[in-house]
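Per-entry structural report
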Amino acid sequence: MAEELGSHADRMRARFLAAAETGAPEPWGDRVVVAVGGLLGVGFASDPDSGRDLLLVGSGSGLGLLDAKGVRVAREYDDEQGWPDGELTCPGIGPLSGVRVRMAGLHGGGLHAVTSDGWGVEVVGPDWPHHRVLLSAPWQSPWKGEHRETWWHVYHSKHMPLRAAGFSPTGRTLAIAVGSDVTLWSRP
């Protein structure tokens, strides 16, 4: 039994190592990368007026608020408030003022791994300590099916530690945060 598990793990490791990084499929739009020095964590919330996805980003120099296209909506510089130590929520800024936002990153927490219509995201580490982020088509899995048909290797954190990867609660935005930047994809 142990040999079977070992050979399965070896096959999966080889499978993910062989998968070249690729773009996300339709209906996901183009990849947008926003530089954020000293990124600590991220959290999604909906704009109370428009309902659009917003991403709160905590860093060593304060908080930033981005829309799904990576456009800055608000910014507060405060090296003491980048993301309070040990808390899994953070006070919102700009249109999210007065709202506590659930965060994921250096201090823990997590983003949604599956959308309501079945898109999935998984983080694997076949070349640990580097991580790969895999996006799977609705109700599919990167553990079976074909690369670039039912799942896509959309991100490889070769140079910076992964902080968080996952979807907004609406399922319309995918975010991957590392120590230096956040990468976003969105869909209609």
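On a predicted model such as this, the values are computed, not experimentally measured, just so you know. (Residues numbered from 1 in each chain as written. Predicted model: local features only at pLDDT ≥ 70, side-chain atom pairs only at ≥ 80, totals over all residues. Heavy atoms only, no water.)

Bringing the packing of aromatic side chains into the picture now. Going through the model one piece at a time under the given rule, you end up with five aromatic pairs. Between Trp28 and Trp119, the aromatic rings sit 5.8 Å apart at their centres with planes inclined by 90 degrees, giving edge-to-face as the arrangement. Of the two residues, Trp28 sits in the loop between α1 (2-18) and β1 (32-35) while Trp119 sits in the loop between β8 (104-105) and β9 (120-124), which places them 91 residues apart along the sequence. Of the two residues examined, Trp28 and Trp119, each falls in the buried class. Centre to centre, the rings of Trp119 and Trp152 are 6.3 Å apart; their planes meet at 40 degrees, and the pair counts as tilted. Separated by 33 residues along the polypeptide, Trp119 in the loop between β8 and β9 and Trp152 in strand β11 (residues 151-157) bring together distant segments of the chain. Judged by its relative accessible area of 9%, Trp152 falls in the buried class. Within the aromatic cluster, the residues linked to one another by ring pairs are Trp28, Trp119, Trp152 and Phe167. Taking NZ or CZ as reference, Arg75 lies 4.0 Å from the ring centre of Tyr77, over its face. (Phe/Tyr/Trp six-rings, centres within 6.5 Å; stacked < 30°, edge-to-face > 60°. Helix = DSSP H or I, 4+ residues; strand = E, 2+ residues; numbered from the N terminus. Buried < 20%, exposed > 50% of the residue type's maximum accessible area, 1.4 Å probe, protein only. Lys NZ or Arg CZ within 6 Å of the ring centre and 35° of its normal.)

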